[in-house]
Amino acid sequence: MTVRLLKPYAQRPVGAIATFDASTEAGMIDAKTASADLTGGFEYFITRPGLRLQAPQIAVGTLTLRPAEQAPVALPEGQVLNVIGAVGTVGKVNRMDPSGGSTVLQSWVVGYGALAAIGPFVGQQLFQVTCSAGSITASTQAAALNSVRQATDVGGFNGARGPLQVGEVKLLPSGQPTGILRSLKNAGRMVAGFGAGMWMVAGGTPPLTQGYTGYDAAGNITGVTSRTGQAEMLQWTPTVATTHEIKLTTFATGARVKDLKGRIGLWVYVDNLPGYEPGGTPTGSIGMTLTTDAGAANTNALTVGFNSNQVREGWNFLKFVQRDPTAYVTGSGVTEYHPFGVLAGAYGTGAAANIRDAAITGMKIDLSGMAGANIYFDSIWTDFDSQAQIVLGTDSVGADMPTYYLPIFDAYNWKGYVAVPKRIWVSGDKVVSDWTGVNPWLKLAYDAGWECINHSTNHLGGADATGTITSPSAIAYEVVPVAALYLNSGMTRGLEFYASPQSSTSRLSEKVIKGTGIKMQRHARKINITVTPWGIDNPHHVGACDWGSATAGGISRIVGGVTGSVAGWQKASQIKRMADVIVAYGDTWFPFWHGVTGLGDTGSGEDLTGDNLLLTKSAFEKSCAYIRQLQLAGSLRFCDGFTGFYYGTGQ
């Protein structure tokens, strides 16, 4: 019900049309202070303070308006205005004449969801934001570099989907914020490029395109361009799934750096990865053979393979770090661990596999199972270094949160993240009509300083999983409405990040979700993420692992020259072992958990729960204590959720 005020009430003048709860309106009508007859009434907005300006002319903070409220916003040059409406919102954004007065230059209608970013403009602009129903959240952020438009432009979509709450954001050429480079210590040295004539066929029949650039003669981008700025790349388009090999044409001059000191990384772009279609299973691998033999023979050389648990569609920085060369010597019994999907091995005795202490004398690259793909080789690097990082959170919140893990995070001054869907769909209609509810555990975590990232509308699984969906709009429905779940309670931290339910994804879902404005997607493959001078390789496919799973892919290893792996997590010893690998690699790890239990817990941290969604209380405590130990020693940075990692904010 709505009434017309006959007397001033609640900061509103006589004649204002306003909506209150039913009992208040009935009492006002009885007291003759309001009338149900709206004739002659007018819509009135209570003015609220706008976003404040902070030197050097940067608008900061977040503005939230409720029904019948309005606020002015001053938007400095070079910034954009992001506006999000909750479910049922009716509102408007007006760009006003900067010289003053009530002239409206442009207008945007606000409903449910996010408007395309407004701006940037030349010169400071004045806006008036009004909310008639629902609620509106408005915030600002820096626009992309070199993107200032004329003041008459409407402004285009820049990918922002929510308040960043991190102040001014400067961007890398890749579009990632410069803050993501916070952990970078050393940019490294380039071992080799892939310019025309530098590489030749060494095995198989790989179709090669030498001197590929991704540009036409007029400077128009026609394909994939170098991530590291190389003048030329090598395009490889295998037509059969068998193994193909290439090698440097002249190793002596082609390899600019031969002393690798145990580290090597390959920049490569993979287009049309086999098996990455909806419902498919990714396949294919990329490998390297490196020898230190005086005669450049590969008889006892080092082999490093990156299988489909490392290789993703899009950009990849495939990285290997050797710490103990004796693990590659046949029969030594020495073990060295690597991230899952990094297959370290050696030919023969492994006598020419020590790239930590000896210079390489030969190098080959191979592909297998890549029929139909287009692969673009950019460059090979060494001597890079970054501080290890961990981004830790949970995909489920409940009564175990205040009992088990929130006290630990509080004691260590950690801030995590929660990835919670609107619901767990089982059968029937996938459309959700009621978005008014608030998860109390979610609210508890948020109030403790955690953030909430998008985990889908229905948490689809099995044959209905997100990675099997062939309808782009159905994929978008699993992402776009979820913001309402958080905005109902004023939760804005983490809205621009997404975690796939059951780690199910495909090239279609990845593309659609990116198009909704999500900045970074958490999936499963490649659990070690490297920070490079050009940002992280593939922000829309960041790998992760579930601490509660005792059977999922765990960690790779080599023992006395024999390649293998150890499955599962759930035990403190396995979790701590991976933490050591992350420190050795200088990478970032995105582990998560679903639940913590005290049942069957002997206190050792090594008990299995019999449930791949649960780990014991002691395993969780011991794992966190070890990570804290590494943090205090300066070996590892604990990031304040996805926001802390992506923008480089927090501790």
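Predicted, not measured: the structure shown is a model, and the values here were computed from it. (Residues numbered from 1 in each chain as written. Predicted model: local features only at pLDDT ≥ 70, side-chain atom pairs only at ≥ 80, totals over all residues. Heavy atoms only, no water.)

Some words on the overall build of the protein
Here's step 1: From N to C terminus, the protein includes 10 helices and 47 strands.
Here's step 2: At 28 Å, the protein has a C-alpha radius of gyration in line with the 26 Å of a compact globule built from 651 residues.
Here's step 3: Each charge sign in the protein was given a centre, from 47 positive and 46 negative side chains, and these centres are 3 Å apart. (Helix = DSSP H or I, 4+ residues; strand = E, 2+ residues; numbered from the N terminus. Rg over C-alpha atoms; globule rule 2.2 N^0.38 Å. Lys, Arg positive; Asp, Glu negative; His and termini not counted. Charge placed at Lys NZ, Arg CZ, Asp CG, Glu CD.)

Quick look at the state of the cysteines
Here's step 1: Scanning the model with the defined rule gives zero disulfides in all.
Here's step 2: Free of any disulfide, Cys452 has its nearest neighbouring cysteine sulfur in Cys639, separated by 18 Å.
Here's step 3: Residue classification places Cys452 among the buried positions, given a relative accessible area of 1%.
Here's step 4: For the unlinked cysteine Cys639, the closest cysteine sulfur is that of Cys624, found at 15 Å. (Disulfide = S-S within 2.5 Å. Buried < 20%, exposed > 50% of the residue type's maximum accessible area, 1.4 Å probe, protein only.)

Some remarks on the sheet that holds strand β26 (residues 335-339)
Here's step 1: Spatially, β26-β41-β42 is the arrangement adopted by the three strands of the open sheet, whose pairing is antiparallel. Only two strands of the sheet have a single neighbouring strand rather than two, namely β26 and β42 (562-566). Each adjacent strand pair in this sheet contributes to an overall mean axis angle of 30°, direction not counted.
Here's step 2: Bridge count for strand β41 (residues 555-559) against β42 is five bridges, and the pairing is antiparallel. Bridge pairing in β42 links Arg557 to Gly564.
Here's step 3: Strand contacts of helix α8 (residues 572-585): β26, β41 and β42, with the helix running at about 80° to β26, the strand carrying the most contacts. (Pairing = 2+ DSSP bridges. Axes fitted to C-alpha atoms, helices over the stretch in contact; angles between N-to-C directions. Contact = heavy atoms within 4.5 Å.)

Some words on the confidence of the model for the protein
Here's step 1: In this model, the protein carries a mean pLDDT of 89, and residues with pLDDT of at least 70 account for 93%.
Here's step 2: Taken together, the stretch residues 52-60 has pLDDT below 50 and engages in 21 contacts with residues farther than four places along the chain or on a different chain.
Here's step 3: For residues 144-167, every residue scores under 50 in pLDDT, and the model assigns this stretch 75 contacts once sequence neighbours within four places are set aside. (pLDDT = per-residue confidence, 0-100.)

Notes on the nonpolar core
Here's step 1: Within the largest apolar cluster, 101 residues are counted, with the highest numbers of intra-cluster contacts made by Phe320, Trp547 and Trp589.
Here's step 2: If one sorts the elements of this core by residue count, helix α3 (residues 400-412) sits on top with seven residues.
Here's step 3: Other than its neighbours up to four places away in sequence, Trp589 contacts Gln389, Ile390, Val391, Ile527, Cys545, Trp547, Trp569, Ile575, Met578, Ala579 and Ile582. (Core = buried A, V, L, I, M, F, W, Y, C linked by side-chain atoms within 4.5 Å.)

Here we look at the packing of α3 against helix α9 (residues 617-632)
Here's step 1: In the contact formed by α3 and α9, the axes pass within 11 Å of each other and the chain directions differ by 15°. Relative to α9, the element α3 is oriented roughly parallel. By crossing handedness, the relation of α3 to α9 is classed as right-handed. Of the residues in α9, those in contact with Tyr404, Tyr405, Ile408, Phe409 and Tyr412 of α3 are Lys617, Phe620, Glu621, Cys624, Ala625 and Arg628.
Here's step 2: Each residue belonging to the contact of α3 with α9 can be placed in one class, and the counts come to eight nonpolar, no polar and three charged. (Parallel < 35°, antiparallel > 145°, perpendicular 65-115°, else oblique. Left-handed = near helix turned anticlockwise from the far one by under 90°. Nonpolar A, V, L, I, M, F, W, Y, C, P; charged D, E, K, R; others polar.)

Brief notes about the packing of aromatic side chains
Here's step 1: Counted according to the given criterion, the structure contains 34 aromatic pairs.
Here's step 2: Sitting over the face of the ring of Phe592, Arg522 holds its NZ or CZ atom 3.8 Å from the ring centroid.
Here's step 3: The lysine or arginine in question, Arg577, covers the ring of Tyr337, its NZ or CZ lying 4.7 Å from the ring centre. (Phe/Tyr/Trp six-rings, centres within 6.5 Å; stacked < 30°, edge-to-face > 60°. Lys NZ or Arg CZ within 6 Å of the ring centre and 35° of its normal.)

Describing the pattern of salt bridges
Here's step 1: If you walk through the whole model with that rule in mind, you get 10 salt bridges.
Here's step 2: Lys364 is paired through a salt bridge with Glu245; the nearest N and O atoms lie 3.3 Å apart. With Lys364 in strand β28 (residues 362-368) and Glu245 in strand β21 (residues 244-248), this pair connects stretches of sequence that are 119 residues apart. Here Lys364 matches Glu245 in class, with each residue buried. (Salt bridge = Lys/Arg side-chain N within 4 Å of Asp/Glu carboxyl O.)

Considerations on the pairing of strand β11 (residues 90-96)
Here's step 1: Counting buried residues along β11, five of its seven residues qualify, which places the element largely inside the surrounding structure.
Here's step 2: Note: β11 against strand β14 (residues 125-133), seven bridges, orientation antiparallel. Each bridged residue has a counterpart across the sheet, and for Met96 the counterpart in β14 is Leu126.

Description of the side chain of Lys364
Here's step 1: Lys364 gets classed as buried once you look at its relative accessible area, which sits at 19%.
Here's step 2: Side-chain polar atoms of Lys364 contact the side chain of Glu245, separated by 3.3 Å.
Here's step 3: Apart from residues no more than four positions distant in its own chain, Lys364 is found in contact with Ala202, Glu245, Ile246, Lys247, Gly287, Met288, Thr289 and Asn298. (Polar contact = N/O pair within 3.5 Å; in protein donor to acceptor, adjacent residues only side chain to side chain.)

Some words on α8
Here's step 1: Here α8 contains 14 residues, and its C-alpha end-to-end distance of 20 Å stays within 8% of the 20 Å for a straight helix at 1.5 Å per residue.
Here's step 2: Ala572, Gln574, Ile575, Met578, Ala579, Val581, Ile582 and Tyr585 are the residues of α8 that are buried. (Expected span 1.5 Å × (residues − 1).)

A look at the packing of α3 against helix α4 (residues 440-447)
Between two packed helices, what matters for the description is the angle formed by their axes and the separation of those axes.
Here's step 1: Direction vectors running N to C along α3 and α4 enclose 25°, while the axes themselves pass 11 Å from each other. Our classification of the angle between α3 and α4 gives roughly parallel. Of the two elements, α3 crosses α4, and the hand of that crossing is right-handed. Where α3 approaches α4, its residues Met401, Pro402 and Leu406 are matched on the opposing element by Trp441, Leu444 and Ala445.

Focus: the pairing of strand β25 (residues 314-321)
Here's step 1: The buried count for β25 comes to eight of eight residues, which makes it a mostly enclosed element.
Here's step 2: Across eight bridges, strand β22 (residues 263-271) lies against β25 in antiparallel orientation. Bridge pairing links Val270 to Gly314 in β25.

A look at the sheet that holds strand β23 (residues 285-291)
Here's step 1: Strand order in the open sheet formed by six strands is β18-β21-β28-β23-β24-β27, with antiparallel pairing between adjacent strands. Looking along the sheet, the strands with just one partner apiece sit at the ends: β18 (199-203) and β27 (342-346). Each strand axis lies, on average, 25° off the axis of its neighbour in the sheet, ignoring direction.
Here's step 2: Summarising the sheet, β18 and β21 pair through four bridges and their orientation is antiparallel. For Gly203, the partnering residue across the bridge sits in β21 and is Glu245.

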